[in-house]
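Here's the letter readout for the chains.
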Amino acid sequence: MLKVLVVDDEGPIRQWLEYCVDQFEGFTVAGAAASGAQALELYRRELPDIVVSDIEMPGMDGLEMLRQMQQLHPAYAIILTSHEDFSYARRALTLGTAEYILKTEITMDSLRQVLDKAAKAIRAQGFSGGGDMERSAQRLLQQLALEGCRGQLTTETLRRQGVSLEDGLLMAADFWSRDGASLPQLRQVVAELPGLDNLCLVPLGYEHLLVAANLRQEGSYRLAVECFQAQSHLPCVVGVSDLVQGLQQLPEALRMAQARCRLHFYHPERRVFWRESVGVSTPRRVDTWQVAFSKELFGQHYQEAAAIKDQAIREILDDCPTDLDAVKGLCAFFASTLMHLTMEQAEGWEARLEDVERRIAATQDMGQLTAILDQVFAPFASGLPRPGSYSEPIREAIAYMKSHYAEKLTLGMVAGRASFNPEYFSRMFTKETGLNFVTYLNNLRMRRAVELLERTDKKIYEIAEEVGYSSVSYFSTAFKKTFGQNPNEYQLRARRQASPAS
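Reading the values: rules and limits
Residues numbered from 1 in each chain as written. Predicted model: local features only at pLDDT ≥ 70, side-chain atom pairs only at ≥ 80, totals over all residues. Heavy atoms only, no water. Core = buried A, V, L, I, M, F, W, Y, C linked by side-chain atoms within 4.5 Å. Buried < 20%, exposed > 50% of the residue type's maximum accessible area, 1.4 Å probe, protein only. Helix = DSSP H or I, 4+ residues; strand = E, 2+ residues; numbered from the N terminus. Contact = heavy atoms within 4.5 Å. Phe/Tyr/Trp six-rings, centres within 6.5 Å; stacked < 30°, edge-to-face > 60°. Lys NZ or Arg CZ within 6 Å of the ring centre and 35° of its normal. Salt bridge = Lys/Arg side-chain N within 4 Å of Asp/Glu carboxyl O.

Asker: I tried to follow the nonpolar core on my own but got confused; where do I start?
Answerer: Where a protein is soluble and globular, its nonpolar side chains tend to be buried together. Phe293, Met401 and Phe475 are the most contacted members of the largest nonpolar core, which totals 75 residues. With eleven residues, helix α13 (residues 324-342) is the single largest residue contributor to this core. Apart from residues lying up to four places away in sequence, Met401 is in contact with Leu409, Val414, Phe429, Phe437, Tyr440, Leu441 and Leu444. Val190, Leu193, Ala224 and Val225 belong to the second largest nonpolar core, which has 26 residues in total.

Asker: Could you clarify how one ought to interpret the packing of aromatic side chains in this entry?
Answerer: The relative placement of two aromatic rings is captured by the distance of their centres and the angle of their planes. Enumeration according to the criterion identifies 18 aromatic pairs in this entry. On the basis of an interplanar angle of 70° and a centroid distance of 6.3 Å, the ring pair of Phe429 and Phe437 is categorised as edge-to-face. Aromatic side chains Phe479 and Tyr490 sit 5.4 Å apart centroid to centroid with 80° between the ring planes, which places their arrangement in the edge-to-face category. Taken as a pair, Phe479 in helix α21 (residues 472-483) and Tyr490 in helix α22 (residues 487-498) lie far apart in primary sequence, eleven residues in all. Tyr490 matches Phe479 in its accessibility class, with the two residues each being buried. One aromatic cluster is present, built from ring pairs that chain together Phe298, Tyr469, Tyr474, Phe475, Phe479, Phe483 and Tyr490. For Lys309, the ring lying beneath its charged end belongs to Phe377, and the centroid distance is 4.6 Å.

Asker: Got a minute to help me understand the pattern of salt bridges in this structure?
Answerer: Where charged atoms from two side chains of opposite charge approach closely, those side chains can pair. Counted according to the given criterion, the structure contains 21 salt bridges. Among the salt bridges present, the one from Arg270 reaches Glu276, with a minimum N-O distance of 2.4 Å. The closest approach of N and O atoms between Asp457 and Arg495, which form a salt bridge, is 3.7 Å. Here Arg495 lies in helix α22 and Asp457 lies in the loop between α19 (437-455) and α20 (460-466), a separation of 38 residues in the sequence. It is possible to trace a salt-bridge network through shared partners that takes in Arg284, Arg285, Glu315 and Asp319.

Next up, the structure:
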């Protein structure tokens, strides 16, 4: 399966490219980015085989992005652009671009042909930073760390894929360097360690170096740890596995090393992790946090919603889950759902939301992550006016909305019921409730949808229609943004919880 990174600052084009790649057999989307800087972060982490990118983007353009990517690790590059000027093509080609296609000419079929051509080139030439064997070893160790081994690991099978380990004492280590600059020095330090045999050093992205080696004797393990601790001049973090016996334990050693390295996210003051127990992988009760948080927001109980977020954060700090993407994903849900349910979706709204999600994804320790959440939640720290404090016209308007939310309500219709002109009523409504008219109406509809999903056996399309959504697809998309799961998943979960057997 070849990994494809999609880069385009135009949301519809980016989403179309993602959709197409997902439909093609033999390809998978490694990530999607809206800017060159965001793409570089994904590139370093995912090491995709193919990059499909626009040229003109805000900040770093596609050509500069491509130049930096090729310095990190060569990949098959496909440039999409609106420019017919061949000077762009010449510059792109000098940076290793394999294909240059006009956006006006691209179709699903032509994109498939270009990706098939890329696949043939990759198989024939091996687009890899250190040769086919290093790429093979890299993929093998990644697979063993993520999925374990389904069969028997032998010296012969490992050597065929570039890994020269023997069936004896083993250890693994994962080195992380924030900017990747110290990894070449670390390679030299590890290579000179006494007591290690059959050393295998594999870069994982731009920032990680994965190490596996045989040990001549048990004492070599402690010497290696002491050496890592002595490298205080190198700005890096290392997670070291326990000492294990036999090749069948290699996957567990790799997972343990990576998990311990990630503990730095919770303890940024420390550099070497080798004795720590590794607990849960993902945060517990994610679904529970998401649903409870969204329900409090629907009731405009902002302090209560913030308390749920704080409780989830405390649990994360207690457990130190090692799936950092899942941790950041839960925190991004808290921030994006708050913004989605409270902010006016005017021009620039999506950009603000993407900026918060990008900043959360780029955090390197829990302190940075909680600081971003605190910033997003700060305007709601003291709460907003409760419904009992609304003026009479606003209370009447809300009562009307609650009775007619399933209809095609407009701001003008509700303003007329309150005997105000729409512009004045809109300002008044937002000032008193803290929400604009459209957001408040959508929250009413979604709150009723939750009640129907929890308390009835109605089908999803029936519920969507009953609460005022003409499109099931739009309803499902809006629901998932709000609760982190689609209506079908929510309904099944509600039924399981209501069942006496549970």
